[in-house]
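# Examination of the molecular architecture
Residues per chain are reported as follows:
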Amino acid sequence: MELANTVAVVTGAGSGIGEAIARRISKESPRGLVLADINSAGIERLANEIGATPVVVDVSSEADNKRLIDTATQLFGPIDLFCANAGIGFLGDEQSESSEWERMWQINTMSHVYAARHLIPGWLSRREGYFLSTASAAGLLTNLKAAQYSVTKHAAVAFSEWLAVTYGDRGIKVSCLCPMGVDTPLLDVDADFRKLLEPDAIPAQAVAEAVVQGIRAEEFLILPHPEVRRYIQNKANDYDRWIGGMQKLRRSVFPD
């Protein structure tokens, strides 16, 4: 898929990967580019810089997702590319409050479901449309210190797979973005996040470039860190050995 003269929507565009994706898409001469985020100052600043349209959205709300899609369609016509990028991350485990699990579930997973729910019928009628899901390498592997993040990102990958299997031969394309460490505000959530992810962290601009190239090639898995492909192959080849290796890594990085 080429992005010139398309209508694109990017959620979580106020900072980090979302901002980088929006900036990169803007260089492809889209017909319309809509930036969504709960951070109004971030998207208004960026929109002014790149000539895009900001819409303040809480992606955990189905009504807000529908409003975003309706607004973009009214302004520019049918959406060609929807980047479900908004997400949050924080440390946690099975002892974390249920409200924390629910918050991350709504933002990291259900926001993708809400968007697809209101996009797919129109895309099926047109027999075209592109859904980009920002998940994480944690959704293919795991994150040693963040249970909720790992679980919800696994679910985001699974939903992307399901969309691709169900609609991929009916004109709807799906890509799932799964980076490891990226130099974004997420690294500052906790010192343990930075300790774990910073050694392999790459600039958000490199992730955005991988996104554009992956969409151009219509690849399902977009892996800005190529080594992730080897890691998931190792996991599939010998699950028990992979778990043992991850336990060893956990002990070395975060001694009990």
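Residues numbered from 1 in each chain as written. Predicted model: local features only at pLDDT ≥ 70, side-chain atom pairs only at ≥ 80, totals over all residues. Heavy atoms only, no water.

Right, let's talk about the pattern of salt bridges for a bit. One pass over the structure, following the stated rule, counts 14 salt bridges. Between Arg67 and Asp64 there is a salt bridge, with the nearest N and O atoms lying 3.4 Å from each other. Here the residue Arg67 and the residue Asp64 both occupy positions in helix α3 (residues 62-76), the gap between them amounting to 3 residues, near one helical turn. The salt bridge partner of Glu128 is Arg126, with a shortest N-O separation of 3.1 Å. A network of salt bridges, in which partner residues are shared, links Glu2, Arg24, Glu28, Glu209 and Arg216. (Salt bridge = Lys/Arg side-chain N within 4 Å of Asp/Glu carboxyl O. Helix = DSSP H or I, 4+ residues; strand = E, 2+ residues; numbered from the N terminus.)

We now examine the pairing of strand β4 (residues 81-84). Going residue by residue along β4, you find Leu81 and Cys83 tucked away on one face and Phe82 and Ala84 tucked away on the opposite face as well. In this sheet, β4 lies alongside strand β1 (residues 7-11) in parallel orientation, the contact comprising 3 bridges. Bridge assignment links Val9 to a residue of β4, and that residue is Phe82. Bridge count for β4 against strand β5 (residues 129-134) is 4 bridges, and the pairing is parallel. When the sheet's bridge partners are listed, Ala84 is paired in β5 with Ser133. For the handedness criterion, the β-α-β arrangement of β4, helix α4 (residues 98-126) and β5 is classed as right-handed. (Buried < 20%, exposed > 50% of the residue type's maximum accessible area, 1.4 Å probe, protein only. Pairing = 2+ DSSP bridges. Right-handed = clockwise from strand over helix to strand, strands pointing away.)

Here Ser133 is to be found in strand β5. Judged by relative accessible area, which is 0%, Ser133 ranks as buried. Leaving out residues up to four positions away in the same chain, Ser133 has contacts with Ala84, His112, Ala156, Ser160, Ser175, Cys176 and Leu177. (Contact = heavy atoms within 4.5 Å.)

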